[in-house]
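# Descriptive structure summary
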There are 2 protein chains.
Amino acid sequence: MSIPVNPPSGFRDFLPEACARREFAVRVISEVYRSFGFEPISTSAVEDLAVLTGKGGGENEKLIFKILKRGEKLDAARAENGELSDLGLRFDLTLPLSRFYAKHQSQLPHPFKAFHIGPVWRAERAQKGRYREFYQCDADIIGSESPLCEVEVISAILTAFERMGFADATVHLNDRALVYAALAQAGVPEDKRGQACIALDKLDKMPRESVEAELLGLLGAEPVAALQKTLMAEASGAAADLSAYEAAGPQSYQRLAWIAKELAASGWTHVRVNPSLMRGLDYYTGPVFEFRHAKLSGSLGGGGRYDRLSEKFGGPAVPACGASIGFERLLLLLEESGAGAASTGPEFCVLVFDESLREKSLELARHLRAVGKTADLYPGTGKLKAQFKYADAKRAAHALIIGPDEAAAGMVKAKNLKTGEERLVKAEELVAGK
Amino acid sequence: MSIPVNPPSGFRDFLPEACARREFAVRVISEVYRSFGFEPISTSAVEDLAVLTGKGGGENEKLIFKILKRGEKLDAARAENGELSDLGLRFDLTLPLSRFYAKHQSQLPHPFKAFHIGPVWRAERAQKGRYREFYQCDADIIGSESPLCEVEVISAILTAFERMGFADATVHLNDRALVYAALAQAGVPEDKRGQACIALDKLDKMPRESVEAELLGLLGAEPVAALQKTLMAEASGAAADLSAYEAAGPQSYQRLAWIAKELAASGWTHVRVNPSLMRGLDYYTGPVFEFRHAKLSGSLGGGGRYDRLSEKFGGPAVPACGASIGFERLLLLLEESGAGAASTGPEFCVLVFDESLREKSLELARHLRAVGKTADLYPGTGKLKAQFKYADAKRAAHALIIGPDEAAAGMVKAKNLKTGEERLVKAEELVAGK
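Small disclaimer: the values here were computed from a predicted structure and weren't measured. (Residues numbered from 1 in each chain as written. Chains lettered and ligands numbered in written order. Predicted model: local features only at pLDDT ≥ 70, side-chain atom pairs only at ≥ 80, totals over all residues. Heavy atoms only, no water.)

## Here we look at the overall build of chain A
Scanning chain A from terminus to terminus reveals 16 helices and 16 strands. Against the 2.2 N^0.38 benchmark of 22 Å for 434 residues, chain A shows a C-alpha radius of gyration of 28 Å, more extended than a compact globule. Once the C-alpha set of chain A is aligned to its principal axes, its extents read approximately 95 × 65 × 45 Å. For chain A, restricting intrachain contacts to residue pairs at least 6 apart in sequence, the fraction spanning at least 24 positions comes to 66%. When the accessible surface of chain A is split by element, carbon and sulfur atoms take 50% of a total near 18200 Å². Here chain A carries 55 positive and 57 negative side-chain charges, and the mean point of each set is 3 Å from the other. (Helix = DSSP H or I, 4+ residues; strand = E, 2+ residues; numbered from the N terminus. Rg over C-alpha atoms; globule rule 2.2 N^0.38 Å. Contact = heavy atoms within 4.5 Å. Areas by Shrake-Rupley, 256 points an atom, 1.4 Å probe, with all protein chains shown as cover. Lys, Arg positive; Asp, Glu negative; His and termini not counted. Charge placed at Lys NZ, Arg CZ, Asp CG, Glu CD.)

## Things to note about the pairing of strand 7 (residues 170-175) of chain A
Two faces belong to every sheet, and in a regular strand the side chains alternate between them. All names here are of chain A. Counting buried positions over the 6 residues of strand 7 gives 5, a clear majority of the element. In terms of strand pairing, strand 7 meets strand 9 (residues 287-292) through 6 bridges, oriented antiparallel. Pairing of valine 171 across the sheet is with phenylalanine 291, part of strand 9. Pairing analysis gives 3 bridges linking strand 7 to strand 8 (residues 271-273), with the strands arranged parallel. Residue histidine 172 lies in a different strand from strand 8, and its bridge partner there is arginine 272. (Buried < 20%, exposed > 50% of the residue type's maximum accessible area, 1.4 Å probe, protein only. Pairing = 2+ DSSP bridges.)

## Some remarks on the interface of chain B and chain A
Taken together, the 95 residues of chain B in the interface contact 95 residues of chain A. Where chain B abuts chain A, roughly 8100 Å² becomes buried across the two surfaces, and 61% of that area is made up of carbon and sulfur atoms. Where chain B packs against chain A, one counts 12 salt bridges. Close ionic contact of Glu23(B) with Arg34(A) constitutes a salt bridge, the shortest N to O distance being 2.4 Å. Summed over the shared surface of chain B and chain A, the number is 40 residue pairs in polar contact (both at pLDDT 80 or more). (Buried area = accessible area lost by both parts, 1.4 Å probe. Salt bridge = Lys/Arg side-chain N within 4 Å of Asp/Glu carboxyl O. Polar contact = N/O pair within 3.5 Å; in protein donor to acceptor, adjacent residues only side chain to side chain.)

## With respect to helix 5 (residues 148-163) of chain A
Residue and element names in this part refer to chain A. The terminal C-alpha atoms of helix 5 lie 22 Å apart, and with 16 residues this matches the ideal 22 Å at 1.5 Å per residue to within 8%. Of all 16 residues making up helix 5, 14 are buried, and the element is well covered by its neighbours. One or two residues past the end of helix 5 sits glycine 165, with phi positive at roughly 95 degrees. (Expected span 1.5 Å × (residues − 1).)

## A look at the packing of aromatic side chains
Residue and element names in this part refer to chain A. Counted by the stated rule, this structure contains 25 aromatic pairs over all chains. Centroid distance tyrosine 33 to phenylalanine 115: 5.5 Å. Interplanar angle 55 degrees. Geometry classified as tilted. Of this pair, tyrosine 33 sits in helix 1 (residues 16-35) while phenylalanine 115 sits in strand 5 (residues 112-121), placing them 82 residues apart in sequence. No difference in accessibility class separates tyrosine 33 from phenylalanine 115, as the two residues are buried. Taken together, a centroid distance of 6.5 Å and an interplanar angle of 20 degrees make the contact between tyrosine 101 and phenylalanine 112 stacked. Of the two residues, tyrosine 101 sits in helix 4 (residues 94-104) while phenylalanine 112 sits in strand 5, which places them 11 residues apart along the sequence. As far as burial versus exposure is concerned, tyrosine 101 and phenylalanine 112 are alike and both buried. (Phe/Tyr/Trp six-rings, centres within 6.5 Å; stacked < 30°, edge-to-face > 60°.)

## Structural notes on the sheet that holds strand 16 (residues 422-426) of chain B
Residue and element names in this part refer to chain B. Strand order across the open sheet formed by 5 strands is 13-12-14-15-16, with mixed pairing between neighbours. Two strands lie at the open edges of the sheet, namely strand 13 (375-377) and strand 16, each paired on one side alone. Neighbour-to-neighbour, the strand axes of this sheet turn through a mean angle of 30 degrees, independent of strand direction. Bridging between strand 12 (residues 348-350) and strand 13 involves 3 bridges; their strand directions are parallel. Each residue of the ladder has a partner; that of cysteine 349, found in strand 13, is aspartate 376. (Axes fitted to C-alpha atoms, helices over the stretch in contact; angles between N-to-C directions.)

## Describing the side chain of Ser85(B)
Residue and element names in this part refer to chain B. As for its placement among the helices and strands, serine 85 is situated in strand 4 (residues 85-89). What makes serine 85 buried here is its relative accessible area of 4%. Among the polar contacts made by the side chain of serine 85, one reaches the main-chain carbonyl oxygen of leucine 87 at a distance of 3.1 Å.

## Side note on the sheet that holds strand 16 (residues 422-426) of chain A
Paired through backbone hydrogen bonds, the strands of a sheet run either parallel or antiparallel to each other. Residues and elements named next belong to chain A. Read across the open sheet, the 5 strands follow the order 13-12-14-15-16; overall the sheet is mixed. Looking at strand neighbours, the two that pair on one side only are strand 13 (375-377) and strand 16, the edges of this open sheet. Taken over all neighbouring pairs, the strand axes of this sheet differ in orientation by 30 degrees on average, direction set aside. On top of the sheet, helix 13 (residues 358-370) reaches strand 12 (348-350), strand 13, strand 14 (398-401) and strand 15 (411-416); it is set at about 160 degrees to strand 13, its chief contact.

## Comments concerning the environment of Pro40(A)
All names here are of chain A. Among the secondary structure elements, proline 40 is positioned in strand 1 (residues 39-40). With relative accessibility at 5%, the residue proline 40 sits in the buried group. Sequence-wise, proline 40 and tyrosine 390 are 350 residues apart; in three dimensions their C-alpha atoms are separated by 39 Å.

## Quick word on the domain arrangement of chain A
According to the domain assignment, chain A consists of domain 1 (16-41 + 91-337) and domain 2 (348-431). Placing the centre of domain 1 of chain A and that of domain 2 of chain A at their C-alpha centroids yields a distance of 53 Å. (Domains from an automatic or database assignment.)

## Section: the pairing of strand 6 (residues 133-142) of chain B
All names here are of chain B. Most of strand 6 is tucked away, with 9 of its 10 residues classed as buried. Pairing geometry for strand 5 (residues 112-121) and strand 6, over 10 bridges, is antiparallel. Residue pairing for strand 6: glycine 118 is matched across the bridge by glutamine 136.

## Here's the deal with the environment of Leu148(B)
Mapped onto the elements of the fold, Leu148(B) is located in helix 5 (residues 148-163). Judged by its relative accessible area of 0%, Leu148(B) falls in the buried class. Taking the C-alpha atoms as reference, Leu148(B) lies 7.6 Å from Ile259(B); in sequence the two are 111 residues apart. Excluding residues within four positions of it along the chain, Leu148(B) makes contact with Val352(A), Arg358(A), Leu362(A), Leu377(A), Tyr378(A), Pro379(A), Gly380(A) and Trp258(B).

## So, the relation of the copies chain B and chain A
For these two chains of identical sequence, chain B goes onto chain A by a turn of 180 degrees and a shift of 0.0 Å along the axis, with RMSD 0.0 Å. As the rotation angle and translation indicate, the two copies are arranged about a two-fold axis. Rotation axis and chain B: the residue whose C-alpha lies nearest the axis is Ile67(B), separated from it by 2.2 Å. A shared binding surface is used by both copies, with 100% of the interface residues of chain B retained as interface residues in chain A. (Least-squares fit on C-alpha atoms with pLDDT ≥ 70 in both.)

## Points about the environment of Ala102(B)
Along the chain, Ala102(B) turns up in helix 4 (residues 94-104). Residue Ala102(B) is classed as partly exposed on the basis of its relative accessible area of 27%. Note: C-alpha distance between Ala102(B) and Pro316(B) (214 residues apart in sequence) is 9.8 Å. Apart from the residues lying within four places of it in its own chain, the contact partners of Ala102(B) are Val5(A) and Phe313(B).

## As for the side chain of Arg99(B)
Position of Arg99(B) among the secondary structure elements: in helix 4. Relative accessible area serves as the criterion here: at 0%, Arg99(B) is assigned to the buried category. Within polar-contact distance, the side chain of Arg99(B) engages the side chain of Asp13(A) at 2.8 Å.

## Remarks on helix 14 (residues 384-393) of chain B
For an α-helix, the turn length of 3.6 residues means that residues three or four places apart are oriented alike. By the burial criterion, the buried members of helix 14 of chain B are Gln387(B), Tyr390(B) and Ala391(B). End-on, the buried residues of helix 14 of chain B take up no more than an arc of 100 degrees, which puts them together on one face. For helix 14 of chain B, exposure combined with an orientation more than 90 degrees from the buried face picks out Lys385(B) and Lys389(B). Against strand 5 of chain A together with strand 12 and strand 13 of chain B lie the buried residues of helix 14 of chain B. (Arc of directions from axis to C-beta.)

## Focus on the pattern of salt bridges
Within the structure shown, the criterion is met by 52 salt bridges over all chains. Lys394(A) is the partner of Asp376(A) in a salt bridge, and the nearest nitrogen-oxygen pair spans 2.7 Å. Here Asp376(A) is found in strand 13, whereas its partner Lys394(A) is found in the loop between helix 14 (384-393) and strand 14, with 18 residues between them in sequence. Given the relative accessible area of 0%, Asp376(A) is considered buried. On the accessibility criterion, Lys394(A) (2% relative accessible area) is buried. In this structure, Lys113(B) and Asp376(A) form a salt bridge, with 2.7 Å as the shortest nitrogen-oxygen distance.

Printed below as a string of structure tokens:
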């Protein structure tokens, strides 16, 4: 039986060029988050299943990669037909952050501004652009009810996009409380509001007619007619009636309007209140938001306020607000724009003329590296033709050769791999940067 | 039932200070690897179980965290009492690299110098200093038999240690082929050499007497007496008889001596041939090496040549040599030395006097960030005392306040949090760096 050389379905390898682009994005995002006063944290990839399941995870719970129990516990579980798994891979970074905060809050500044960058795993059916292992880059503020939190989190992410060349990203704002208020105003009874939200959330993925039919069946004609001007306006391509929306929940609306105004004052012109924005997760309690870009269908990330997630861990409700960058989609934009591409490779690639001169090459590489230069060394003594091919593949700027003549004269032959120009130079001069 | 706030046993959270130290180490190691011409790669955290099991993994196979099958496949496996798992978490980075190379080699330079930094997982019993999730930082050269590979890999890692303040790390060298040759010379029959190696590998963990008793039972008195001068010398604190060792396998020994000589020529003075060095993994075929430091028991990393691991993936034998940094142990040294500690925090922490002046603070933070300064903003409008406490906890250099008087005068109050000195300054001057 042959062993697979592909990663499992939905998982990926990254070659050097892709790695360089991902590292570039992580570096820019980290620097921007830091400049806003967010501090890095990290949690374990593996969590107790009890943390991952139950209130908070919503749809994502079905997507947990569960880890098999081990040893005697596994034997017992099999014998009793019991639970086979005790641990699971995290499916987002928000739930782990809430656990982290519940555990470590006495050691943290208050409020706590955190950022967290790392992989998450979801057992989804693999399809184009959807992976089972992908990165998230979250920024969160825990412990403050102020709408400054929303402004900070959204500004930080828009700044990161801008630094990568995507100043034209848009942000859509809504408020979960306002959605519920609009449903109430439209006459939707309390016990049907959750279902209505789930149906409304499908408006950007499914034909409008089928969602309307579902809502008509669920709510009847009158409420659906009322919702056409607010929560359903986006799907019909009409502008939402924002004054009707404001009337449903004046306080929530004014908070949202303040956030939009401050973002505009910060120079972010692509900001809009969008009553049809739902965001899938059921732990949101207030403002929600989503980043979009004209070149992508779907979102470039999003987030919102989740003031009650902390209760899952037995503590009191702690106000919290955070957002996640859609890292893999951002990488698609970066790939297209060419930003963050691998730089030019090493400054020097030192070739090895033959075994008798191997030490000369090693010495030259050593001296170049000692002064901080990047110097690749061909790891062998193959034909020079293969070695030049290697230097080209590494995108080195210069190939350096010490053959018998050069060695006798105390010189190095330096070939500029772009122009093809060759020159003889003393090793000390190369090291000195001449 | 309360939900756990701790990460699972053997797993860890990292607070901002620890994160900063880990990022420092990753950055230094990456920069050094790059300067030697190694290129970054990344593989999936999850592999098919068939990749992780079978030849190559050795003892580590028992330590795989296996992932439960999902949906119908799980139901079928339970019903048939079959294999419950199809995937697993990687337990090292070498096996994934071999799979990666088998898959992607046509797109890679030849030979291929790769580095790979990331977490691995082992279902070991958790104990002090031993974790179930930990980082590895590997450098490998695939496709070359030259001992230059060993010199490059070892030099790169010693350079990384040196940059972090540990120029006094030592490297121990041995050769798997030479060990077998010495066993043959001592009269150990071929079918007992594997077992003998396993017993010898225990010499640095168990009392010498019990290992000797095991070897006597396995081999008899004469071979054990012969091995006392070579493979067993280290355990008795005596210097090994290197000329006897050389006689066992002159060619392998000379290669090892050349590697040691070139490392010494590179300025690495703490290099020694140590016949008792075994290294646990059964895929090593030639030179093996291990890094140590006086302040740590056990190793600071290690590696070796594994010329036949590629055969696992159905291809021909491809020569390969690589090493791994013991990242978690390195972090212990860094923690003790204080290197890589979090820097001073943001240059500014902008406080928020009250809600009516909130926008003034937001504007000031915005202008400071726009010119590249790090400016935290207190996310709320609490009491100033709490806000100063926050600024201290963030290790900010200066707290900035715009109260009613400052706002009226168009000024900002800047407090140096180290000296306590306060001054009034125009916002534009702060932004201009005055």
